[in-house]
Amino acid sequence: MKTLLFLPVALLLVPFPLQAQKRVGINTDQPEAELHVNGSMKFSGISVRNGFSKLDDNEAYSFLIKDPNDKITSYNQNFLPQAPAPLNLIQFKIGCHTSDKDWVYSYDTQINSTKYLVIIASFGFTQSIRATNTSPAFENLTPVPQIYAYYDSGTWKFKADYDSFRPLSSAPAGEWTVNLLVFDREYATETTRSFSVNASGTGTAAQAILQ
């Protein structure tokens, strides 16, 4: 005699494939990644499974930096649109005084020298100039602008002048256009070394500043 056993079976119906939310945002309604945290975050251990890929043109980017105390900070132009970038281009147009039409003795940019490193990328001057000395010996001289940036009392300043040259007396005062590259010191270093050359005008640094 055969006995048939019937066992109740419960089926759990699960939609397939599972559809999960693609992006999750913390403190943001428009996450730009699978997990987007707009604010501070503390974690330990980072693993990258799929490596790094190039961002598309419409994707945001971020810079991460870790200080000696293991504090990690980030910069993202989309998160902080008014914040300075790691590299900034700032243009100044400086009109000269009528008493000396090409001379800028000291212009204070008010850029914090403890936070930023400034380099003069390019410059221009609006007026034609000639030698202040009218003797024939000066007629063949080539005017060379003396312009450089320096910091003093906590801010960056710059000087500009054509030494021994100036615009024509009938010309209006000139205007300097100065383009500054401004680096966040968190992303740049400044190194100063003093060296001398020998009588033949040659010399060699004791060691490479960067290797």
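Summarised in this report is the structure supplied together with it. None of these values were measured; they are calculated from a predicted model.

### Section: the pattern of salt bridges
Then step 1. Going through the model one piece at a time under the given rule, you end up with three salt bridges.
Then step 2. With a closest N to O distance of 3.9 Å, Lys157 and Asp108 form a salt bridge. You can see Lys157 sitting in strand β10 (residues 155-162) and its partner Asp108 sitting in strand β6 (residues 104-112), a full 49 residues away along the chain.
Then step 3. Assessed through its relative accessible area of 10%, Lys157 is described here as buried.
Then step 4. Glu190 serves as the salt-bridge partner of Arg185, at 3.1 Å between the closest nitrogen and oxygen.
Then step 5. Relative accessible area serves as the criterion here: at 23%, Arg185 is assigned to the partly exposed category.
Then step 6. Using a relative accessible area of 37% as the deciding quantity, one classes Glu190 as partly exposed.

### What to know about the environment of Phe183
Then step 1. Following the sequence through the fold, Phe183 ends up in strand β12 (residues 175-184).
Then step 2. Taking C-alpha positions, Phe183 is 6.4 Å from Val118, a pair spaced 65 residues apart along the chain.
Then step 3. Those residues in contact with Phe183 that sit more than four places away from it in its chain are Pro86, Leu87, Lys115, Tyr116, Leu117, Ile119 and Ala188.

### Structural notes on the sheet that holds strand β7 (residues 116-125)
Consider a sheet: its strands pair through backbone hydrogen bonds, and that pairing is either parallel or antiparallel.
Then step 1. Strand order in the open sheet formed by three strands is β5-β12-β7, and the pairing between neighbours is antiparallel. In the strand order of this sheet, the two ends are held by β5 (87-95) and β7, each with one partner. Pairs of neighbouring strands in the sheet enclose a mean axial angle of 25 degrees, with direction left out of account.
Then step 2. Pairing of β5 with β12, which is carried by nine bridges, proceeds in the antiparallel orientation. Residue pairing in the sheet places Leu87 in a bridge with Phe183 of β12.

Parameters at a glance
Within any chain, residue numbers begin from 1 and follow the written order of that chain's sequence. pLDDT decides what is reported in this predicted model: residues at 70 or higher carry local features, side-chain atom pairs at 80 or more are listed and counted, and totals for whole chains, interfaces and linings draw on all residues regardless. Side-chain measures were taken over the full set of non-hydrogen atoms in the model, leaving aside hydrogen atoms and water. Think of a salt bridge as a Lys or Arg side-chain nitrogen and an Asp or Glu carboxyl oxygen that are within 4 Å of each other. Per the convention used, a helix needs a DSSP run of H or I reaching at least four residues, while a strand needs a run of E reaching at least two, with both numbered from the N terminus. Whether a residue is buried, partly exposed or exposed follows from its accessible area with a 1.4 Å probe, protein chains only, as a fraction of its type maximum: under 20%, in between, or over 50%, in that order. By the convention used here, residues are in contact when the closest approach between their heavy atoms is within 4.5 Å. When DSSP finds two or more bridges between a pair of strands, those strands are recorded as paired. Lines fitted to the C-alpha atoms define the axes, with helices restricted to the stretch that makes contact. Angles between their N-to-C directions range from 0 to 180 degrees.

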